[in-house]
Amino acid sequence: MFWIANLLVAVVAALHVYFLILEMFLWTKPLGLKTFRNSIEKATDSAVLAANQGLYNGFLAAGLIWGLLHANPGFAFQIKTFFLLCVIVAGIYGAATVSRRILYVQAAPAALALILLWLV
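Remember, predicted model here, so these are calculated numbers, not experimental data.

Now, about the overall build of the chain: what can you tell me, with residues and values included?
Helices and strands together make up the secondary structure of the chain, namely five helices and zero strands. Counting from the amino terminus, the chain carries its helices and strands in the arrangement α-α-α-α-α. For 120 residues, the compact-globule formula gives about 14 Å, and the C-alpha radius of gyration of the chain, at 15 Å, lands near that figure. Reported as C-alpha extents along the three principal axes, the dimensions of the chain are approximately 50 × 25 × 20 Å. Every one of the 120 residues in the chain was classed for burial, and the buried ones make up 38%. Counting contacts in the chain only where the partners sit at least 6 residues apart, residues at least 24 apart contribute 57% of the total. With the model as given, the accessible surface of the chain reaches about 7,300 Å², and the carbon-plus-sulfur share is 74%.

Residue-level account of helix α4 (residues 73–97), with values.
Taking 1.5 Å of rise per residue, 25 residues should cover 36 Å, and α4 covers 36 Å from first to last C-alpha, within 8% of that figure. On its buried side, α4 packs onto α1 (2–25), α3 (40–69) and α5 (101–119).

Which residues make up the nonpolar core, and what values do they have?
Core analysis: the biggest nonpolar cluster contains 17 residues, and Val 12, Leu 64, Leu 84, Val 87, Ala 110 and Ala 113 have the highest contact counts within it. Elements that contribute at least two residues to this core include exactly α1, α3, α4 and α5. Residue contacts for Leu 64: discarding those within four places in its chain leaves Val 9, Val 12, Ala 13, Lys 80, Phe 83, Leu 84 and Val 87.

Give me the packing of α1 against α5: which residues, what numbers.
Viewed as axis vectors pointing N to C, α1 and α5 meet at an angle of 155 degrees, and their least axial separation amounts to 8 Å. Here α5 runs roughly antiparallel to α1, going by the angle between their axes. Taken as a pair, α1 and α5 cross one another with a handedness that is left-handed. Side by side, α1 and α5 meet where Ile 4, Ala 5, Asn 6, Leu 8, Val 9, Val 12, Leu 15, His 16 and Phe 19 of the first sit next to Val 105, Gln 106, Pro 109, Ala 110, Leu 112, Ala 113, Leu 116 and Leu 117 of the second. Considering only residue class, the contact of α1 with α5 consists of 14 nonpolar, three polar and no charged.

So, unusual backbone geometry: which residues are in play, and what are the values?
Trans is the prevailing form of peptide bonds, just as negative phi is the prevailing case for residues other than glycine. In this structure, Arg 37 is a non-glycine residue whose phi angle is positive, near 55 degrees. Within the secondary structure, Arg 37 sits in the loop between α2 (30–36) and α3. Take Arg 37: its relative accessible area is 62%, and that puts it in the exposed class.

Describe a nonpolar patch on the surface, listing the residues and the values that go with them.
Together, Met 1, Phe 2, Trp 3, Ile 115, Leu 119 and Val 120 make up a nonpolar patch on the protein surface, roughly 710 Å² of accessible area in all. If you list the elements that add at least two residues to the nonpolar patch, you get α1 and α5. Turning to its location among the elements, Leu 119 is positioned in helix α5. Of the residues examined, Leu 119 reaches a relative accessible area of 57% and is grouped as exposed.

Quick notes on the rules
- Residues numbered from 1 in each chain as written.
- Predicted model: local features only at pLDDT ≥ 70, side-chain atom pairs only at ≥ 80, totals over all residues.
- Heavy atoms only, no water.
- Helix = DSSP H or I, 4+ residues; strand = E, 2+ residues; numbered from the N terminus.
- Rg over C-alpha atoms; globule rule 2.2 N^0.38 Å.
- Buried < 20%, exposed > 50% of the residue type's maximum accessible area, 1.4 Å probe, protein only.
- Contact = heavy atoms within 4.5 Å.
- Areas by Shrake-Rupley, 256 points an atom, 1.4 Å probe, with all protein chains shown as cover.
- Expected span 1.5 Å × (residues − 1).
- Core = buried A, V, L, I, M, F, W, Y, C linked by side-chain atoms within 4.5 Å.
- Axes fitted to C-alpha atoms, helices over the stretch in contact; angles between N-to-C directions.
- Parallel < 35°, antiparallel > 145°, perpendicular 65-115°, else oblique.
- Left-handed = near helix turned anticlockwise from the far one by under 90°.
- Nonpolar A, V, L, I, M, F, W, Y, C, P; charged D, E, K, R; others polar.
- Patch = residues over 30% accessible without salt bridge, like charges linked within 9 Å, V, L, I, M, F, W, Y side chains within 5 Å.
- Salt bridge = Lys/Arg side-chain N within 4 Å of Asp/Glu carboxyl O.

Encoded structure:
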């Protein structure tokens, strides 16, 4: 169960690296436009804000990776718990303010990882 929980934490971290790439580098490109259902005009106007949001997603990924790599199991657990909770809160806020899809793409995987982490 420990390895499954950590695998799910790694998946959540990888998702946030992907979000970083989408928001910082692909926001105005075809994949970014399609993913976020934006027009090129809207994407161009919001590119700086999206890059900032992408950077924050990178910080979430970095925290989760830190938790996966930390040598002290007790502290690693606390790090992963904190950053998964941050992801869940961000996902709930995004679902309430932007799109309900964020709840399923961001918050749900983090919640599942957190549950498994606590069951170990």
